[in-house]
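Fold and contact review
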Amino acid sequence: MTAVGLELRRPGPPHRQVWKVVGVLGVTLRTRAAYAGQIILRTAFLALVLFSFSQLWAATSLSVDVRAVTGFTVAQLIWYLAFTEATVSGIPFRESEVDQEVRSGDIATRLIRPLAYPAFHFGSQVGDRLVRFGLNLCVGVPVALLVAGPIALRPLNVVAGLVAAVTALAADWVWTFSISMLAFWFEDTSGVQLLYRRATMLLGGLLVPLEAYPDWLGKVCQALPFRFMVAGPARMFVADGVRGLGTLLGAELIYGAAGLVPLLVLYRLGLRRVTSQGG
Amino acid sequence: MTDIAVEARGVEKRYRRRVRDPGLSGLFRSLLSPRYEEVLALGGVDLALKTGESLALIGPNGAGKSTTIKILTGILFPTKGEVKVLGLTPWEQRAALAMNVATVFGQRSQLWYHLPAGETFDLLARIYELDRAEYRRRREELVERFELQPLLRTAVRKLSLGERMRCEVAAALLHRPRILFLDEPTIGLDVIAKQQIRGIVRELNEKEGVTVLLTSHDAGDVEQLCKRVVVINRGQVVFDDRVSTLRRRYLRRKVIDLQLRDGGDGSPPPPLPEIPGVRLIKASAMGRKLEVDTDQRPIAEVVSQMMAALPVADVTVEDPPMEEIIAAIYRDEAAS
């Protein structure tokens, strides 16, 4: 085998790769922001959920000491729900993009760039999640204010909640993308994605804090990582502020980092299975 | 050091494809005991390409052309064989290779659908780690050469196919690739857009010394862009020679498809004029299909004579189908 004489250009150091991902993320933010109106329309459902739950909690509070059961006042519970809904609804089913790219062969157009396929999708899909999360909050906060009234929110609560939620969205992406990598073996991963998403919602404390769960289920949920994704950031936002933020961020980062193992293994194995669909 | 840009030896690609019988019972059987068939996409391809060369890879659908390009660009792993592109093993050093080559797929867009092409160019400059000043110079040059100025601020989804392809090729060239892989770059384009793309690629090859590897079903692409042609069939190279040799041996015959008008009074169209080297192969009430031996009579001359002698409503000139060329190659091989 022979080589050519001219100097070849080589990809730069890791920080340049991060810069590329930031570029993809920026483009996604701009593209998605252009469709902000449509996304906000979709979040109209959020208003309905918050209103229904405010009524439910108000009725429950007549016969049960809500604070003793959940650790929150009714108003805090509505704000909690607004935050968890904003986070979870910020995760679209864009993971099926990978299914489509593998099935149609469009993956080829991603693999010919000097930017790793998962890194590209991290920029693109996490960017998408951030826009949706931001817009969900833009709808959720006024609705919560309207149906539950104001709660004592300090700036540190807001900062801690946002930082924890953004980290959660990124850590969750690692796992959902790992599941997407199964597309190299199966034609459709949406079933597994749906299971994972529902587990995150139900076992993560989407609708009510985990303290309100039956004892045994509460213990199971406390042992699972989903609470770091859903209940954790919402608690920071509604009540805890920066208290426990370090532990939560650490847990989120460990969860995300652990997801990198299956992601990279499946990606490397999966690439060998790419065939030449669609010419 | 030599000037070999691409070298492939004994490249084989096999993969398994799931098959199932039709109907509901077939579906259940396939769930309980899935069956697979092995597909041989490439069966030991040898290929070498010198720096600055322009090579066309042609063959019928499913012959292995795109698979070859995808292996050379690192998208696919071969089952067997050795490949070096610019001295790199594509599937192991994909990112390094990507910094130095470009691929354009005529049937797949690499531009961001909702973004104006100009913004995609900016992002690509970052992805290819281009120096700001270098990027600006190159972008201006390409915008001028491809006449892209009016298109840069329009979202890609709003561009016509021809406009989009100009943007696709320009985007692929931003980082000054040393090799340009083109997979059906003119598919679906009108004559003018085809000529534009061909002109630019030819200029790149001749003036900048960019090595070109092209796959196409369009004999015009092959004849106008490449000096050498490799015909591939069922994953095997069946012909590797100069384009002029292929043309002389196998592209001598072209087919003219004429759609005629009636004279207005319901009378049938007049008979075909007798022209040496022209043979009627099919006739319908208002259509005539002719085969022309271009060695005996240039195609342009035949078309002019037909237009003068007959009430022509529409005319199409086609090359012989690829299957016919391949059959002729096999016949020649068997004879020799």
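Residues numbered from 1 in each chain as written. Chains lettered and ligands numbered in written order. Predicted model: local features only at pLDDT ≥ 70, side-chain atom pairs only at ≥ 80, totals over all residues.

**Quick look at the overall build of chain B**
What chain B contains, in helices and strands, is 11 helices and 13 strands. Projecting the C-alpha coordinates of chain B onto the three principal axes gives extents of approximately 65 × 55 × 50 Å. The buried share of chain B, reckoned over its 336 residues, is 39%. Long-range pairs, those at least 24 residues apart, make up 72% of the contacts in chain B with a sequence separation of at least 6. (Helix = DSSP H or I, 4+ residues; strand = E, 2+ residues; numbered from the N terminus. Buried ≥ 20, exposed ≤ 12 C-beta atoms within 10 Å, placed from the backbone. Contact = placed C-beta atoms within 7 Å.)

**Comments concerning the sheet that holds strand β3 (residues 54–58) of chain B**
Residue and element names in this part refer to chain B. Strand order in the open sheet made by the 6 strands is β5-β6-β7-β3-β8-β9, with mixed pairing throughout. The open sheet has two edge strands with one neighbour each: β5 (101–105) and β9 (236–242). The average undirected angle you get between the axes of adjacent strands in this sheet is 15 degrees. Bridge analysis of β5 against strand β6 (residues 179–183) gives 5 bridges, and the strand direction is parallel. Residue Phe105 lies in a different strand from β6, and its bridge partner there is Asp183. Contacts from helix α11 (residues 322–335) reach β3, β8 (228–233) and β9, with the element oriented near 85 degrees to β9. (Pairing = 2+ DSSP bridges. Axes fitted to C-alpha atoms, helices over the stretch in contact; angles between N-to-C directions.)

**Considering the sheet that holds strand β13 (residues 312–318) of chain B**
Residue and element names in this part refer to chain B. Read across the open sheet, the 4 strands follow the order β11-β12-β10-β13; overall the sheet is antiparallel. Of all the strands in the sheet, the pair left with one neighbour each is β11 (278–283) and β13. Recorded for the sheet is a direction-independent mean angle of 25 degrees between the axes of neighbouring strands. With 7 bridges connecting them, strand β10 (residues 253–260) and strand β12 (residues 287–293) associate as antiparallel partners. Among the inter-strand pairings, Val255 is bridged to a residue of β12, identified as Glu291.

**Describing the interface of chain A and chain B**
Each partner contributes residues to the interface: chain A has 31 residues there, and chain B has 41 residues. At 7 residues, helix α1 (residues 14–33) of chain A tops the list of elements feeding residues into the side of chain A that touches chain B.

**Structural notes on the nonpolar core**
Judged by nonpolar contacts, the single largest core of 147 residues is most densely connected at Ile78 of chain A together with Ala56 and Leu213 of chain B. A total of 11 residues in this core trace back to one element, the largest contributor, which is helix α9 (residues 155–180) of chain A. The residues contacting Leu213 of chain B, other than those within four sequence positions of it, are Val6, Leu49, Leu55, Leu57, Ile69, Ile179 and Phe181 of chain B. One finds Leu258, Leu260, Leu290 and Val302 of chain B within the second-largest nonpolar core, a separate group that totals 6 residues. (Core = buried A, V, L, I, M, F, W, Y, C linked by C-beta atoms within 7 Å.)

**Some points on the domain arrangement of chain B**
In terms of domains, chain B is made up of domain 1 (4–249) and domain 2 (252–318). Using C-alpha coordinates to define each centre, domain 1 of chain B is positioned 36 Å away from domain 2 of chain B. (Domains from an automatic or database assignment.)

**Structural notes on the environment of Thr189 of chain A**
Residue and element names in this part refer to chain A. Mapped onto the secondary structure, Thr189 falls in the loop between α9 and α10 (190–204). In sequence terms Thr189 and Ile179 are 10 residues apart; their C-alpha atoms lie 7.1 Å from each other. Ignoring any residue separated from it by four or fewer positions in sequence, one finds Thr189 in contact with Asp99, Ile179, Ser180, Leu182 and Ala183.

**A closer look at the pairing of strand β1 (residues 4–19) of chain B**
On a regular strand, one side chain projects to one face of the sheet and the next to the other, so that they alternate. Residues and elements named next belong to chain B. Bridge count for β1 against strand β2 (residues 35–50) is 13 bridges, and the pairing is antiparallel. Pairing of Tyr15 across the sheet is with Val39, part of β2. Pairing between β1 and strand β4 (residues 80–85): 5 bridges, direction antiparallel. Bridge pairing in β4 links Val6 to Val85.

**Some points on the pairing of strand β7 (residues 211–215) of chain B**
Residues and elements named next belong to chain B. With respect to burial, β7 is a largely interior element, 5 of its 5 residues being buried. On β7, burial covers both faces: Thr211, Leu213 and Thr215 on one face and Val212 and Leu214 on the other are all buried. Pairing between β6 and β7: 5 bridges, direction parallel. Directly across from Phe181, in β7, lies its bridge partner Leu213. Taken together, β6, helix α7 (residues 191–207) and β7 form a β-α-β motif whose crossover is right-handed. (Right-handed = clockwise from strand over helix to strand, strands pointing away.)

**Considerations on the packing of helix α5 (residues 74–88) of chain A against helix α8 (residues 117–148) of chain A**
Residue and element names in this part refer to chain A. Viewed as axis vectors pointing N to C, α5 and α8 meet at an angle of 165 degrees, and their least axial separation amounts to 8 Å. Our classification of the angle between α5 and α8 gives roughly antiparallel. Pair α5 / α8 crosses with right-handed handedness. Each of Ala75, Ile78, Trp79, Ala82, Glu85, Ala86 and Thr87 in α5 lies in contact with α8, whose residues at this interface are Phe133, Asn136, Leu137, Gly140, Val141, Val143, Ala144, Val147 and Ala148. The residue makeup of the contact of α5 with α8, split by class, is 12 nonpolar, 3 polar and 1 charged. (Parallel < 35°, antiparallel > 145°, perpendicular 65-115°, else oblique. Left-handed = near helix turned anticlockwise from the far one by under 90°. Nonpolar A, V, L, I, M, F, W, Y, C, P; charged D, E, K, R; others polar.)

**A short note on unusual backbone geometry**
As a rule of thumb, non-glycine residues mostly have phi less than zero, and peptide bonds are mostly trans rather than cis. Residue and element names in this part refer to chain B. In this model, Glu147 sits at a positive phi of 55 degrees, which is unusual for a non-glycine residue. On the secondary structure map, Glu147 appears in the loop between α5 (132–146) and α6 (161–173). Phi at Arg234 is positive, roughly 45 degrees, even though this residue is not glycine. Among the secondary structure elements, Arg234 is positioned in the loop between β8 and β9. Residue class for Arg234 comes out partly exposed when judged on the 15 C-beta atoms lying within 10 Å of it.

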